[in-house]
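Geometric and topological summary
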Amino acid sequence: MVYSIQVNKFINYEGGVMKLSAMILSGMLLVAAGPVMAQADEAQMAVKAVNVGNKLCPVSGEKVSADSGMAPVTYEYKGKVYNLCCGGCIAKFAAEPEKYSKIAEEEVIKTSGGE
């Protein structure tokens, strides 16, 4: 009796994406791995977003802190996470992300002394 089962798994690593294939053919396990040349599933290619680290809300100018009495939130845009003082600022940030992301990044540069 001849039977086969094949499983493919995409693995993210620093140099890209690797496709790991395993096949069981008549009781023998065959495994192959190599770089993927074709575009892999978008979710598998996702890169973790980086927090910008802004301490002031770019929309309201308020301090981003749970101590302020508001519940701070974050908003992700172009692979970066921006800190907002509250949920009320999300819609404004989403409407003009270029404007508010620039404000947040300038604030981080200014407060870190790197003007």
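The rules behind the values
- Residues numbered from 1 in each chain as written.
- Predicted model: local features only at pLDDT ≥ 70, side-chain atom pairs only at ≥ 80, totals over all residues.
- Heavy atoms only, no water.
- Helix = DSSP H or I, 4+ residues; strand = E, 2+ residues; numbered from the N terminus.
- Buried < 20%, exposed > 50% of the residue type's maximum accessible area, 1.4 Å probe, protein only.
- Polar contact = N/O pair within 3.5 Å; in protein donor to acceptor, adjacent residues only side chain to side chain.
- Contact = heavy atoms within 4.5 Å.
- Core = buried A, V, L, I, M, F, W, Y, C linked by side-chain atoms within 4.5 Å.
- Salt bridge = Lys/Arg side-chain N within 4 Å of Asp/Glu carboxyl O.
- Pairing = 2+ DSSP bridges.
- Axes fitted to C-alpha atoms, helices over the stretch in contact; angles between N-to-C directions.
- Phe/Tyr/Trp six-rings, centres within 6.5 Å; stacked < 30°, edge-to-face > 60°.

Moving on: the side chain of N83. Topologically, N83 is positioned in strand β6 (residues 80-84). Residue classification places N83 among the buried residues on the basis of a relative accessible area of 11%. Only 3.1 Å separates the side chain of N83 from the side chain of N51, close enough to count as a polar contact. Here N83 is in contact with N51, G53, N54, L56, C57, P58, V64, V73 and T74, once residues within four sequence places are set aside.

Take the nonpolar core next. Ranked by internal contacts, the top residues of the largest apolar core, which has 13 residues, are C57, V59, Y82, L84, C85, C89 and F93. Residue assignment for this core shows that the elements contributing at least two residues are β6 and α3 (97-111). With sequence-adjacent residues up to four places away left out, L84 is seen in contact with C57, P58, V59, V64, P72, V73, Y75, C89, I90 and F93.

Quick look at the environment of P72 now. Its place among the elements puts P72 in the loop between β4 (50-51) and β5 (73-77). Residue classification places P72 among the partly exposed residues on the basis of a relative accessible area of 35%. The spatial distance from the C-alpha of P72 to the C-alpha of C85 is 4.5 Å, given a sequence separation of 13 residues. Excluding its chain neighbours within four sequence positions, the residues that come into contact with P72 are V64, S65, A66, L84 and C85.

Here we come to the pattern of salt bridges. Applying the stated rule across the entire model yields 2 salt bridges. The partner of K78 in a salt bridge is E98, and the shortest N-O contact between them spans 3.0 Å. Of the two residues, K78 sits in the loop between β5 and β6 while E98 sits in helix α3, which places them 20 residues apart along the sequence. Among the residues examined, E98 registers a relative accessible area of 47% and is labelled partly exposed.

In this sheet, β6 lies alongside β5 in antiparallel orientation, the contact comprising 5 bridges. By the bridge assignment, Y75 is partnered in β6 with Y82. Connecting the antiparallel pair β5 and β6 is a turn made up of 2 residues, with K78 showing a positive phi of about 50°.

Strand order in the open sheet formed by 3 strands is β4-β6-β5, with mixed pairing between adjacent strands. Because the sheet does not close on itself, it has two edges, and the strands there are β4 and β5. Along the sheet face, α3 touches β5 and β6 and points at about 80° away from the line of β6.

For any pair of aromatic rings, geometry is given as the distance between the ring centres together with the angle between the planes. Within the structure shown, the criterion is met by 3 aromatic pairs. Consider the rings of Y75 and F93, whose centres lie 4.9 Å apart with planes at 50°: the pair is tilted. Taken together, the residues span a long stretch of sequence, with Y75 in strand β5 and F93 in helix α2 (residues 90-95) at a distance of 18 residues. Classification of Y75 as partly exposed rests on a relative accessible area of 22%. With relative accessibility at 0%, the residue F93 sits in the buried group. Put simply, the rings of Y75, Y82, F93 and Y100 touch in pairs and so form one group of aromatic residues.

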